[in-house]
Amino acid sequence: MKKTMTAAMAVKIYDILGNASLSKMDDTGKFTIINAMRALKPVATGLKDDISDARKQLAPEDYNQILEMRYRYPLLSVEERVEVSRVERELESKVTECMSDELNREHSFEFTTMDKVAFGALLASNDFNAATMIELQDALCEV
């Protein structure tokens, strides 16, 4: 079946599935997950690479110093913590603005959807919150 979702949602679903346990699923359900991930992978990994490149290009010149400070965060003064947080927020804002068209671009993916039994086994194998369950159901099942 053909499923349509934004690139941002494809990354999210790909990451969730990549970290999910499939321990209570039968082989057919596992292969359904694997095939869905294969369909999502080109968009998900491509977008992640583009975001990483944008982050490098948009980072301020002193960003390496900010990264060093972030690793010492518990030892920093309040003023230094505020500065690290401000710089990181500004960078993430710039990256999101730069990538917004691609993040929101719709993509179609072709893969076999999951039935209720297989989806139930995926949920039983993991401790997903309700919002994540809904996102997975929308992405993987015929709703």
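These numbers come from a predicted model, not from an experiment. (Residues numbered from 1 in each chain as written. Predicted model: local features only at pLDDT ≥ 70, side-chain atom pairs only at ≥ 80, totals over all residues. Heavy atoms only, no water.)

## Quick notes on the overall build of the protein chain
Note the cut-off: The way it works is that DSSP assigns letters per residue, a run of H or I at least four long becomes a helix, a run of E at least two long becomes a strand, and they are numbered from the N terminus. Every radius of gyration here is taken over C-alpha atoms, with the globule rule written as 2.2 Å times N^0.38, N being the number of residues. Each residue is placed in one exposure class: buried if its accessible area under a 1.4 Å probe, protein chains only, is under 20% of its type's maximum, exposed if it is over 50%, and partly exposed if it falls in between. Asp and Glu are treated as the negative residues and Lys and Arg as the positive ones, with His and the ends of the chain left uncounted. Each charge is placed at NZ for Lys, CZ for Arg, CG for Asp and CD for Glu.
Counting its secondary structure elements, the protein chain contains six helices and two strands. Along the protein chain, from the amino end to the carboxyl end, the secondary structure elements read β-α-α-α-α-β-α-α. Computed over its C-alpha atoms, the radius of gyration of the protein chain comes to 19 Å, more than 25% above the 15 Å expected for a compact globule of 143 residues. Taken along its principal axes, the extent of the C-alpha atoms in the protein chain is 55 × 30 × 20 Å. When each of the 143 residues of the protein chain is scored for burial, the buried share is 35%. Positive and negative side-chain charges of the protein chain, numbering 18 and 25 respectively, have mean locations separated by a distance of 3 Å.

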